[in-house]
Amino acid sequence: MLLTSGYYYHMNCTAFEGHKRVAAGPLHEVAVAVKNARDGGAISPIFIYDDTTGRIVDLDPRASVSAPPPVELDPRGRGRPRLGVVAREVTLLPRHWDWLSTQPGGASVALRKLVEAARRDNGDADRRRASQEAAYHFMSSIAGDFPGFEEASRALFAYDRRRFGDLIAGWPEDVRDHAIKLAFADLEEA
């Protein structure tokens, strides 16, 4: 399970052997627990789920598990930090470009301000939607054939926590608890 990107080391995941939770936490720790479970004779397939997206994390089980990379310090020392600016194409109508060209700091500054304002104003709705989507991806993968899956999905997207909990009450405990944790993560953060 070779992990090469620093992002993956900090990704929180949960691993399941069948319907039983094996480990949860940062990916590099979960990968070690999964390797130990496989070496210990795990019977069912083991899947690792990204806690942010609910999707399966694909690791090569034949590769070695390595330690997290050291934190890189900015060699420039003190001063302005690296912002991590990424250049991508933006397609706008001429009137949008005209408006952006009149803004202080130019188009880039204006677009960053607009994005930050939208993130601030829509943050709760965005977190709720992300939680619902993560729970749905997880549930589709591990519980798609469980009784009540379709109704539970409807309750999930209706944001009906009580009905959702009632519909999945008969599911295996670890699957049920993880689905609830993912579905209503926005409430946990509040």
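Above this text you will find the structure in question.
Residues numbered from 1 in each chain as written. Predicted model: local features only at pLDDT ≥ 70, side-chain atom pairs only at ≥ 80, totals over all residues. Heavy atoms only, no water.

### Topic: the pairing of strand S1 (residues 12-17)
Thinking step 1. Note: S1 against strand S2 (residues 20-26), six bridges, orientation antiparallel. In the strand pairing of S2, Ala15 is matched with Ala23.
Thinking step 2. Hairpin remark: S1 followed by S2, antiparallel, with two residues in the connecting loop; positive phi at Gly18, about 65°.
Thinking step 3. Pairing analysis gives five bridges linking S1 to strand S3 (residues 46-50), with the strands arranged antiparallel. Residue pairing across strands places Thr14 opposite Tyr49, the latter belonging to S3. (Pairing = 2+ DSSP bridges. Helix = DSSP H or I, 4+ residues; strand = E, 2+ residues; numbered from the N terminus.)

### Structural notes on the sheet that holds S3
By way of backbone hydrogen bonds, the strands of a sheet pair with one another, either parallel or antiparallel.
Thinking step 1. Read from one edge to the other, the open sheet built from four strands follows the order S2-S1-S3-S4, with strand pairing classed as antiparallel. Of all the strands in the sheet, just S2 and strand S4 (56-57) have a single pairing partner and so form its edges.
Thinking step 2. Relative to S4, S3 runs antiparallel, the two being bridged by two bridges. Residue pairing across strands places Ile48 opposite Val57, the latter belonging to S4.
Thinking step 3. Packed onto the sheet, helix H2 (residues 27-39) meets S1, S2, S3 and S4 and runs at close to 150° relative to S2.
Thinking step 4. Helix H7 (residues 173-183) rests against S1 and S2 of the sheet, and its axis sits at about 160° to S1. (Contact = heavy atoms within 4.5 Å. Axes fitted to C-alpha atoms, helices over the stretch in contact; angles between N-to-C directions.)

### Details of the packing of aromatic side chains
Thinking step 1. Here the structure, examined in full by the defined rule, presents eight aromatic pairs.
Thinking step 2. For the ring pair Phe16 and Phe138, a centre distance of 5.4 Å and an interplane angle of 45° mean the geometry is tilted. With Phe16 in strand S1 and Phe138 in helix H4 (residues 106-143), this residue pair connects regions lying 122 residues apart in the sequence. Per residue, the accessibility class of Phe16 equals that of Phe138, and both read buried. (Phe/Tyr/Trp six-rings, centres within 6.5 Å; stacked < 30°, edge-to-face > 60°. Buried < 20%, exposed > 50% of the residue type's maximum accessible area, 1.4 Å probe, protein only.)

### Here we look at unusual backbone geometry
Thinking step 1. For Tyr159, which is not a glycine, the phi torsion comes out positive at approximately 60°.
Thinking step 2. Within the secondary structure, Tyr159 sits in the loop between helix H5 (149-157) and helix H6 (161-167).

### Some words on the nonpolar core
Thinking step 1. Within the largest apolar cluster, 21 residues are counted, with the highest numbers of intra-cluster contacts made by Phe138, Met139, Ile142, Phe164, Trp171 and Val175.
Thinking step 2. Contributing elements (two or more residues each) for this core: H4, H5 and H7.
Thinking step 3. Here the element with the most residues in this core is H4; it accounts for five residues.
Thinking step 4. In this view, Phe164 contacts Met139, Ala152, Ala155, Leu156, Ala179, Ile180, Ala183 and Phe184; residues no more than four positions away in its chain are not counted.
Thinking step 5. Counting residues in each nonpolar core, the second largest holds 13 residues, with Met11, Ile46, Ile48 and Leu59 among its members. (Core = buried A, V, L, I, M, F, W, Y, C linked by side-chain atoms within 4.5 Å.)

### A short note on the pattern of salt bridges
Thinking step 1. Summed over all chains, the structure comprises twelve salt bridges.
Thinking step 2. Between Lys35 and Asp39 there is a salt bridge whose closest N-O contact spans 3.0 Å. In this pair, Lys35 and Asp39 both sit in helix H2, four residues apart, roughly one turn of the helix.
Thinking step 3. For Lys35, a relative accessible area of 31% gives the class partly exposed.
Thinking step 4. One network of salt bridges, in which partners are shared, links Glu150, Glu151, Arg154 and Arg163. (Salt bridge = Lys/Arg side-chain N within 4 Å of Asp/Glu carboxyl O.)

### With respect to the packing of helix H3 (residues 94-101) against H4
Geometry of a packed helix pair, given as the angle between the helix axes and the separation of the axes.
Thinking step 1. Two numbers describe how H3 lies on H4: the axes approach to 8 Å, and their chain directions differ by 100°. Considering the angle they form, H3 stands roughly perpendicular to H4. Taking contact as the criterion, the partners of Trp97, Trp99 and Leu100 in H3 are, on H4, Gly106, Ala107, Ala110, Leu111 and Leu114.
Thinking step 2. Here the contact of H3 with H4 is composed, by residue class, of seven nonpolar, one polar and no charged. (Parallel < 35°, antiparallel > 145°, perpendicular 65-115°, else oblique. Nonpolar A, V, L, I, M, F, W, Y, C, P; charged D, E, K, R; others polar.)

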